[in-house]
Amino acid sequence: MAAEVCHQAIGTFQSNSFLNNAKNNQKFQKNSIILTTKYFTSCNGLSRRASNYSAQRKCRIRSSASQTSVVDPVLSPSRSSTTETPRKSNEAALILIRHGESLWNEKNLFTGCVDVPLSKKGIDEAIEAGKRISSIPVDVIFTSALVRAQMTAMLAMTQHRRRKVPIILHNESEQARAWSQIFSEDTKKQSIPVIASWQLNERMYGELQGLNKQETADRYGKEQVHEWRRSYDIPPPNGESLEMCAERAVAYFREEIEPQLSSGKNVMIAAHGNSLRSIIMYLDQLTSQEVISLELSTGIPMLYILKEGKFIRRGSPIGPAEAGVYAYTNNLALYRQKLDDLY
Ligand SMILES: O=C(O)[C@H](O)COP(=O)(O)O
């Protein structure tokens, strides 16, 4: 039921026309700040393992990829929404962003499912992340139900050169859906649906939530706390292990997000250290041993391309004009070229 609602809602936002007033928009300021990701350096050289997930995933992708046609409005500038012919796509971009620093990250407190907003530094990180992905297409955004992930997605999108408006869908009740309707087709076309789901929430940290990480290590020992924080299957007291978190986050990814990618939609996911670690474990086919050393920095976007049924890790775009990321696929290069011509 929830899945159906999501898909219907995305459908109503499907944009098939090009920005008419693009020339009126401001020129994008090029970002020259260089950041690094802990993950993309720490994972180099990891061995890969075929997993059940992977085999099942490939079957799903193969069966759905051939069925759906997608139109990228930016790549189809001359077509109007009524005359546009859907174009097949077997490629899509996936951006993952861990939220920017929260006020509890700043205080070094276990946060888990406590709904804490971004710190000032986190706000800056989200804006910087937005600059780095500002030339990568985004058709639909998935976030957790927690405000730090939602703030990150929204702030990042303020930097996007396409200038569509991200809009949170409210499907929690019939009334919420009815009261948040948009009555202009043009306005819908300039919008990006944002789907918030608890399944992408941070792992529930149990009785550690609100405790100081350093004080907890001093009290229970560094090894014990490291085990709670990084082991795959050992949960913190009355909380979720990474494995438990993966059960809901990866299931959600496979059921709700992967079909969007397989149909050619470009997706951004703004979520959390552990929900994203579990999704990356799935995408990169990491073992439960390998995932222990997987660390994600706050506010660093990571790009994957889904192509011919396979997820290809592209690293973290350094800036909107970075050649490597765009050179990788024609679609990304064309999209950026089109933005360059327009703005
Ligand atoms: O929930 C938290 O405290 C953090 O967002 C993630 O914490 P971790 O690095 O201890 O998993």
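Residues numbered from 1 in each chain as written. Predicted model: local features only at pLDDT ≥ 70, side-chain atom pairs only at ≥ 80, totals over all residues. Heavy atoms only, no water.

Engineer: Residue-level account of the site of the ligand, with values.
Structural biologist: Every residue near the ligand is listed here: Arg-98, Asn-105, Leu-109, Phe-110, Thr-111, Gly-112, Glu-202, Tyr-205, Lys-213, Arg-229, Arg-230 and Asn-274. Contacts to the ligand include Arg-229, whose side-chain N or O atom sits 2.6 Å from an oxygen atom. Arg-230 places a polar side-chain atom, nitrogen or oxygen, 2.7 Å from an oxygen atom of the ligand. Protein contacts shield 96% of the accessible area of the ligand, which totals 320 Å² for the unbound molecule. Looking at the shell around the ligand residue by residue, the classes come out as 3 nonpolar, 4 polar and 5 charged. (Near = heavy atom within 4 Å. Polar contact = N/O pair within 3.5 Å; in protein donor to acceptor, adjacent residues only side chain to side chain. Areas by Shrake-Rupley, 256 points an atom, 1.4 Å probe, with all protein chains shown as cover. Nonpolar A, V, L, I, M, F, W, Y, C, P; charged D, E, K, R; others polar.)

Engineer: How would you explain the UniProt feature "active site" (unreviewed entry) in the chain if you had to name every residue and give the values?
Structural biologist: Within this structure's numbering, the places UniProt gives as "active site" (unreviewed entry) are His-99 and Glu-202. These residues run over 104 residues, yet every pair of their C-alpha atoms falls within 10.3 Å of each other. Position of His-99 relative to the elements: it lies in the loop between β3 (91-98) and α4 (103-106). Of the residues examined, His-99 reaches a relative accessible area of 2% and is grouped as buried. (UniProt positions renumbered as here; feature names shortened; annotations may be inferred. Helix = DSSP H or I, 4+ residues; strand = E, 2+ residues; numbered from the N terminus. Buried < 20%, exposed > 50% of the residue type's maximum accessible area, 1.4 Å probe, protein only.)

Engineer: So, the nonpolar core: which residues are in play, and what are the values?
Structural biologist: Of all hydrophobic cores here, the largest spans 34 residues; its most connected members are Leu-94, Phe-253 and Ile-269. Every element with two or more residues in this core is listed here: β3, β4 (140-144), α11 (242-262), β7 (267-271), α12 (273-283) and β8 (301-307). Looking at this core element by element, the count peaks at 8 residues for α11. If sequence neighbours within four positions are ignored, Phe-253 has contacts with Leu-94, Glu-258, Pro-259, Leu-261, Ile-269, Ile-279, Tyr-282, Leu-283 and Phe-311. Within the second largest apolar cluster, 18 residues are counted, among which are Ala-129, Ile-141, Ala-153 and Ile-192. (Core = buried A, V, L, I, M, F, W, Y, C linked by side-chain atoms within 4.5 Å. Contact = heavy atoms within 4.5 Å.)

Engineer: Outline the sheet that holds β7, listing residues and values.
Structural biologist: Pairing is mixed across the open sheet formed by 7 strands, whose spatial order is β5-β6-β4-β7-β3-β8-β9. Only two strands of the sheet have a single neighbouring strand rather than two, namely β5 (165-168) and β9 (310-315). With direction set aside, neighbouring strand axes in the sheet form an average angle of 25°. As paired elements, β5 and strand β6 (residues 191-197) share 4 bridges and run parallel to each other. (Pairing = 2+ DSSP bridges. Axes fitted to C-alpha atoms, helices over the stretch in contact; angles between N-to-C directions.)

Engineer: Just give me the short version of a negative patch on the surface, but keep the residues and values in it.
Structural biologist: A cluster of acidic side chains, namely Glu-227, Asp-233, Glu-243 and Glu-247, defines a negative patch on the protein surface. Tracing the chain through its elements places Glu-227 in helix α10 (residues 222-230). (Patch = residues over 30% accessible without salt bridge, like charges linked within 9 Å, V, L, I, M, F, W, Y side chains within 5 Å. Salt bridge = Lys/Arg side-chain N within 4 Å of Asp/Glu carboxyl O. Lys, Arg positive; Asp, Glu negative; His and termini not counted. Charge placed at Lys NZ, Arg CZ, Asp CG, Glu CD.)

Engineer: Residues and numbers for the side chain of Arg-277, please.
Structural biologist: Its place among the elements puts Arg-277 in helix α12. Buried within the structure, Arg-277 lacks any salt-bridge partner; its nearest side chain of opposite charge belongs to Glu-295, at an N-O separation of 6.0 Å. Side-chain polar atoms of Arg-277 contact the side chain of Asn-274, separated by 2.8 Å.

Engineer: Any details on the packing of aromatic side chains? Residues and values, ideally.
Structural biologist: By the definition in use, this model includes 5 aromatic pairs. Following the ring pairs from residue to residue traces out a cluster consisting of Phe-253, Tyr-282 and Phe-311. Across from the ring centre of Tyr-205, 4.6 Å away, lies the NZ or CZ of Arg-203, which sits over that ring. We note Lys-213 situated over the ring of Phe-110; from NZ or CZ to the ring centre the distance is 5.2 Å. (Phe/Tyr/Trp six-rings, centres within 6.5 Å; stacked < 30°, edge-to-face > 60°. Lys NZ or Arg CZ within 6 Å of the ring centre and 35° of its normal.)

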